[in-house]
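# Inside the fold
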Amino acid sequence: SDAALARHIPTSTVNRLLSSVNASVVAALAAVSLGRAWDAGISDAPPMPATVSAGIALMCGFLVYDTAAGLIRGFESSPRLMLVHHLVGLAGQSAAAAHGVGSITMAGIHLAELSTPLLHLSWLLLKLGYRQHPAFRALGLTLVATFFAVRVALPACLLWSYAAAAAPCAVYGGPGGLCAFLLAGLAFFWVMNCYWFGKLLRVALGGAPPPVKEVRVNGEAQAV
């Protein structure tokens, strides 16, 4: 109901602030990690750089918090999908950190967090009544472009590079099957991001959006 949605707004604002700060730091760490990996020769083999380990620690911490919060008060949208999303993320990143493998895979996933602050800022402008303001529309277009670059195109390129490799898991090391699990997780997130990008794009192209509380991207209320 609208009353229930209104009660969630203060909590949502706090969650979005925490998420934006966490995402900004994680994305910055990922950018540093990928830059260093490019200079040193890209590799998923151990040891895992400290910047990737720090990003995993931050992401896992936030995922634990957000999962607990979602289970206590309920996820805002698609509860089963969001729970699977969080649990797969926790399992994959914890396994990668424990064995020191998959640095490029993890950094690629973390760089996708670049779009998160834009997502939450557009939600805030929407709540403040700026839906028709040029700044809101410019932010929406920036969000769509950034979302596509880091959540659709980048994971697709990573998946293609692994698929094209003669032995994509040869450099991973660690227990058997870990590489396959991590790459399956990357593919899972890519499919989810393609689905959410489609929702964003339909609204951005001027399609009639559903009510605000039903426009969801990555589990968050959104309209562009």
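Up top is the structure.
Conventions and cut-offs
- Residues numbered from 1 in each chain as written.
- Predicted model: local features only at pLDDT ≥ 70, side-chain atom pairs only at ≥ 80, totals over all residues.
- Heavy atoms only, no water.
- Helix = DSSP H or I, 4+ residues; strand = E, 2+ residues; numbered from the N terminus.
- Buried < 20%, exposed > 50% of the residue type's maximum accessible area, 1.4 Å probe, protein only.
- Contact = heavy atoms within 4.5 Å.
- Phe/Tyr/Trp six-rings, centres within 6.5 Å; stacked < 30°, edge-to-face > 60°.

## Some points on the side chain of Asn15
- Mapped onto the elements of the fold, Asn15 is located in helix α1 (residues 2-40).
- Given a relative accessible area of 9%, Asn15 falls into the buried group.
- Asn15 has contacts with Tyr65 and Arg73, leaving out every residue within four places of it along the chain.

## Examining the packing of aromatic side chains
- One pass over the structure, following the stated rule, counts four aromatic pairs.
- With 5.9 Å between their ring centres and 50° between their planes, Phe62 and Tyr65 make a pair best called tilted. With a gap of three residues between them, Phe62 and Tyr65 both fall in helix α2 (residues 50-73), about one helical turn apart.
- Look at Phe62 and you get buried, because its relative accessible area is 16%.
- Tyr65 gets classed as partly exposed once you look at its relative accessible area, which sits at 31%.
- Ring geometry for Phe188 and Phe189: centres 5.6 Å apart, planes at 55°, overall tilted.

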